[in-house]
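Structure assessment
The chain contents come next:
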Amino acid sequence: MPGDRILGALRFLKEAERLKSTLRSGYTSTGRPESVAEHTWRLCLMALVLADEFEGIDALRLIKLCIVHDLGEALSGDIPAVMQTDAMNKSARERADLEELTEALDPAKRMEILSLWEEYEAAATPEAVLAKGLDKLETILQHVQGQNPADFDYAFNLGYGQKQTSAHPLLAEIRALLDKETRARAEASGSGR
């Protein structure tokens, strides 16, 4: 790898490190706010653990999609799903941020990352459909596992990502288990929502 490509890769990796400090709306099981990097790590782990159950799927491609899916959030941060509106065009903002974030990369590597992100956003392949479903499941899993504030809206989880989590029988099966846990957490918290 030529020196300029190494320097570009290092510059990109230094910028991407921001995801370690970019917080999401979820909480860990110890009550600490979760970072985007932590969400992405467990999403990739889910893809690795479950990949053999998805017949005909390119597991490496699935994991690559999971790695890049929230990469654009390194610059402008995460917008919690409950706060998103059509008017804010989260996708366009993330795409612009991703273009800026990948500027230092070798053109071929930059194009690979941008193409993977676009594939994920469009749910253009079976792997992207699964990545989107797993992304929703990881979020719900964190919400049922996390030490959430007293006013946490568990009802939101019950409707969140229904389309994506119904795209494969295994995703739907996991979703049913997590919905059961969500209802139990809502009852235990007294929110009943």
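The paragraphs below set out a description of the structure included in this document.

Conventions we followed
- Residues numbered from 1 in each chain as written.
- Predicted model: local features only at pLDDT ≥ 70, side-chain atom pairs only at ≥ 80, totals over all residues.
- Heavy atoms only, no water.
- Salt bridge = Lys/Arg side-chain N within 4 Å of Asp/Glu carboxyl O.
- Buried < 20%, exposed > 50% of the residue type's maximum accessible area, 1.4 Å probe, protein only.
- Helix = DSSP H or I, 4+ residues; strand = E, 2+ residues; numbered from the N terminus.
- Axes fitted to C-alpha atoms, helices over the stretch in contact; angles between N-to-C directions.
- Parallel < 35°, antiparallel > 145°, perpendicular 65-115°, else oblique.
- Left-handed = near helix turned anticlockwise from the far one by under 90°.
- Contact = heavy atoms within 4.5 Å.
- Phe/Tyr/Trp six-rings, centres within 6.5 Å; stacked < 30°, edge-to-face > 60°.
- Lys NZ or Arg CZ within 6 Å of the ring centre and 35° of its normal.
- 1 Å grid on protein atoms, 1.4 Å probe; cavity = no way out; pocket = protein on both sides within 12 Å on 5 of 7 lines; lining within 4 Å.
- Points joined across faces, edges and corners; volume = space filled by probe spheres on them.
- Nonpolar A, V, L, I, M, F, W, Y, C, P; charged D, E, K, R; others polar.
- Patch = residues over 30% accessible without salt bridge, like charges linked within 9 Å, V, L, I, M, F, W, Y side chains within 5 Å.
- Areas by Shrake-Rupley, 256 points an atom, 1.4 Å probe, with all protein chains shown as cover.
- Expected span 1.5 Å × (residues − 1).

1. Some remarks on the pattern of salt bridges
Inspection of the entire model under this criterion finds 13 salt bridges. Residue E15 is joined to R18 by a salt bridge in which the shortest nitrogen-to-oxygen separation is 3.0 Å. Residue classification places R18 among the partly exposed positions, given a relative accessible area of 36%. A salt bridge links D179 to R175; the nearest nitrogen and oxygen atoms lie 2.8 Å apart. Taken together, the positions of D179 and R175, both in helix α10 (residues 169-189) and 4 residues apart, correspond to about one turn of that helix. One exposure class covers both D179 and R175, and it is buried. Among the ionic contacts, a cluster of salt bridges with common partners joins R24, E34 and D70.

2. Topic: the packing of helix α2 (residues 36-50) against helix α3 (residues 59-68)
The N-to-C vectors of α2 and α3 enclose an angle of 170°; their axes lie 9 Å apart at closest approach. Considering the angle they form, α2 stands roughly antiparallel to α3. Helix-helix and strand crossings are classified by hand; for α2 and α3 the assignment is right-handed. Within the contact between the two elements, α2 uses T40, L43, C44, A47 and L48 and α3 uses L62, I63, C66 and I67.

3. Structural notes on the packing of aromatic side chains
Here the structure, examined in full by the defined rule, presents 2 aromatic pairs. Residue placement shows K132 over the ring face of Y120; its charged tip is 4.4 Å from the ring centre.

4. What about the layout of surface pockets?
Considering only enclosed or pocket space, the second largest pocket measures out at about 420 Å³ in volume. In terms of lining residues, the second largest pocket is bounded by 19 residues, among which F12, L13, I67, V68 and L71 are the most central. At the level of secondary structure, the elements contributing two or more residues to the lining of the second largest pocket comprise α1 (3-16), α2, α3 and α6 (107-122). Classifying every residue of the lining of the second largest pocket gives 14 nonpolar, 1 polar and 4 charged.

5. So, a nonpolar patch on the surface
A contiguous nonpolar patch, built from M1, I6, L7, L10 and L13 and spanning about 520 Å² of accessible area, is present on the exposed surface. For M1, the location among the structural elements is in the segment before α1.

6. With respect to α1
The terminal C-alpha atoms of α1 lie 20 Å apart, and with 14 residues this matches the ideal 20 Å at 1.5 Å per residue to within 8%. Of the surrounding secondary structure, the elements contacted by the buried residues of α1 are α4 (73-76), α5 (90-101) and α6.

7. Here's the deal with the environment of A59
Inspection of the secondary structure puts A59 in helix α3. Of the residues examined, A59 reaches a relative accessible area of 32% and is grouped as partly exposed. In this structure, the C-alpha to C-alpha distance between A59 and A47, residues 12 residues apart in sequence, is 7.6 Å.

8. What to know about the packing of α5 against α6
The interhelical angle for the contact between α5 and α6, taken along N-to-C directions, is 170°, at an axis separation of 11 Å. Here α5 is positioned roughly antiparallel relative to α6, judged by the angle of their axes. Between α5, through S91, E94, R95, L98 and E99, and α6, the contact on the second element is made entirely by R110, I113, L114, W117, E118 and E121. Class assignment of the residues belonging to the contact of α5 with α6 gives a composition of 4 nonpolar, 1 polar and 6 charged.

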